[in-house]
Structures are given as C-alpha cells and as structure tokens.
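Each chain, letter by letter, is given below.
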Amino acid sequence: MFFKKSIIALTGLFLCIFLIVHLSANSILVLPEEMARGLYNSYSTTLRESPLIKVVAYVLYLSIVLHAVYALLITLNNRRAKSKSYSLNRNRENSTWASQNMGLLGITILLFIVVHLANFWARIKLGMGEEVGLDTDGNVDVYEVTYSLFQNIYYVCFYSILMIPLGLHLHHGLKSAFMTLGFYNRKWLRIISKVSLIYAAIMAIGFGIIPFIVFLK
Ligand code: HEM
C-alpha cells in the first residue's frame, strides 16, 4: 500500500511541476497577437526539438499512466475496505468531498487530457487531422491551432469548466502527496494546506481563464 501511495505521490508531484511550466508557457497566449504568435511558436518548436525535453516528455506520459493506474488500484482497494470498516466511516466525517471523490475527479481529468491531446498533441506531434501550417519564421503554427480551437465557445466552456475538478483534485492531491512523503506534523500540515490551496487556485483560474481571453481577442 505504501509503495502504491508513494508512486501516486511522486508522479503527482512531477505532474504538478509540469503544470507550472505548461501554465507559464500558455500565459504567452494572453499577450497581443503580434507578440504571442512568434513567441509561443518558437518556444513550442524549441521544446519539441530538444533531445532532453523528448526524454522528459516520455517521463511525463509514463507518470500520467502510472498515476492513473495506481490511483485506480488504491480507489478499488479503499472501496472494498470501506464497505466493511468502521474506522473508515469515522474518517468520512473529517474528510472533504474532494478527498472522498479523488477517483471521480481523476477520471474527469483523464477524459479532459484525452480530448486535449486529440486537440493539440495529436495534430502537432503526430500530424493527425487537419495539417498545421507554418508561421512567417518557419515554425509550426501552434498558436493558430490554439487560437482557432478557442474561437469555438463550446471548447472554451469545456476547457474552463473542467478546470474546477482539476483545481479540486490538485488541492487535495498536493496535500496528500506531501503527507504520504512524511510531512504530517501540525506545523507542516498548516503550511502545506495553504500552499496546496494557492497552487490549485492559480492552476484552475490560470488554465480556466486563458481560453476566454483568447476567445475575446
Ligand atoms: C488553457 C489551457 C491549455 C492550453 C492552451 C494547452 C495547450 C497545449 C498545447 C498547445 C500542447 C501541445 C504542445 C506541443 O506539442 O507543442 C499541449 C500539450 C499537453 N498538454 Fe496542454 N494546454 C492547456 C491545459 C492543459 C491542462 C490543464 C493539462 C493537464 C491537466 C494539460 C496537459 C497537457 C499534456 C500532458 C500535453 C502533452 C505534452 C507534450 O507531449 O509535450 N494541458 N497543451
């Protein structure tokens, strides 16, 4: 059990770091178009062409898979235990809705990631679907892919609304990850709780607002 929880915690922390980098890069999208297009496309090209980032990308895919698989195993285990155990029923009183529904939140985020990868990654990296053009510097026009997707209000709402479960999942998940890794005395818990809340709010609001800003451009 501890091994499974540690894998979830370590892969989860790695995914949290990825999200900070991903949000920072996506913030370029809110800049005026003449600046944003060149910057976003050259950043994206540099990443795709770097051998180091290619390795990091494989670690990222593996982390998503391991995180989801081990979380599923633990959720199933807990379900089985919950139906029998009195002590777990007592824990229920002290836990939040998010902590009791991490599996559901996780599946929602996984579905989001599948749609998201089909929207961007499959087109840009695998060359699937409509061909992506080049900008005036000769870089793959990832900005245009993003811009045209977020001209569709349904996608804007889809991306923004699903940042609510992402925020709830990150808030509880980050706290849990630190606790699994041994930070659970009172003082640390208070700090970790605050950091997790601030982190989750920045991620959910940041990722949630970008599609609207691009839509309104
Ligand atoms: C405003 C919201 C977002 C935008 C505009 C956005 C944009 C993008 C783009 C353009 C790519 C392809 C990058 C490339 O290959 O050059 C990408 C990849 C990816 N995104 Fe997002 N993203 C957003 C939110 C998210 C969120 C919330 C998650 C996770 C919960 C996420 C997870 C990923 C993953 C795992 C990849 C594949 C990484 C890779 O292989 O390089 N994205 N995103």
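Note that the structure is a prediction, hence the values are computed from the model and not measured.

### Overview of the overall build of the protein
Stage number 1. When helices and strands are counted, the protein shows 10 helices and 0 strands.
Stage number 2. Each helix and strand of the protein, ordered N terminal to C terminal, gives the series α-α-α-α-α-α-α-α-α-α.
Stage number 3. Counting only C-alpha atoms, the protein reaches 65 × 35 × 30 Å along its principal axes.
Stage number 4. Looking at the protein residue by residue over its 217 residues, the buried ones come to 20%.
Stage number 5. Long-range contacts, defined as pairs at least 24 residues apart, comprise 76% of the intrachain contacts of the protein with a sequence gap of at least 6.

### Regarding the environment of Leu 52
Stage number 1. Within the element layout of this structure, Leu 52 appears in helix H3 (residues 51-82).
Stage number 2. With 8 C-beta atoms counted inside 10 Å, the residue Leu 52 sits in the exposed group.
Stage number 3. As a C-alpha pair, Leu 52 and Cys 16 span 36 residues in sequence and 19 Å in three-dimensional space.

### Concerning the site of the ligand
Stage number 1. Taken together, the neighbourhood of the ligand is formed by 19 residues, with Ser 44, Ala 57, Phe 120, Ile 124 and Ile 210 sitting nearest.
Stage number 2. At 6 residues, helix H6 (residues 102-124) tops the list of elements feeding residues into the shell around the ligand.
Stage number 3. Looking at side-chain class alone, the shell around the ligand contains 12 nonpolar, 5 polar and 2 charged residues.

### Here's the deal with the packing of H6 against helix H9 (residues 163-180)
Stage number 1. Orientation of H6 relative to H9, taken along the N-to-C sense of each, is 130°, at an axis distance of 9 Å. With respect to H9, the element H6 is oriented oblique. Here H6 and H9 pass one another in a crossing that is left-handed. Side by side, H6 and H9 meet where Met 102, Leu 105, Gly 106, Thr 108 and Ile 109 of the first sit next to Pro 165, Leu 166, Leu 168, His 169, His 172 and Gly 173 of the second.
Stage number 2. Looking at the contact of H6 with H9, its residues break down into 6 nonpolar, 5 polar and no charged.

### Overview of the packing of helix H1 (residues 2-26) against helix H10 (residues 186-216)
Relative orientation and spacing of two packed helices are given, respectively, by the angle between their axes and the distance between those axes.
Stage number 1. For the pair H1 and H10, interaxial distance at closest approach is 10 Å and the crossing angle is 35°. Crossing geometry of H1 relative to H10 is assigned as left-handed. From H1, Leu 19, Leu 23 and Asn 26 reach across to H10, where they touch Met 203, Gly 206, Phe 207 and Ile 210.

Here is what the cut-offs are and how they apply
- Residues numbered from 1 in each chain as written.
- Predicted model: local features only at pLDDT ≥ 70, side-chain atom pairs only at ≥ 80, totals over all residues.
- Helix = DSSP H or I, 4+ residues; strand = E, 2+ residues; numbered from the N terminus.
- Buried ≥ 20, exposed ≤ 12 C-beta atoms within 10 Å, placed from the backbone.
- Contact = placed C-beta atoms within 7 Å.
- Near = placed C-beta within 6 Å.
- Nonpolar A, V, L, I, M, F, W, Y, C, P; charged D, E, K, R; others polar.
- Axes fitted to C-alpha atoms, helices over the stretch in contact; angles between N-to-C directions.
- Parallel < 35°, antiparallel > 145°, perpendicular 65-115°, else oblique.
- Left-handed = near helix turned anticlockwise from the far one by under 90°.

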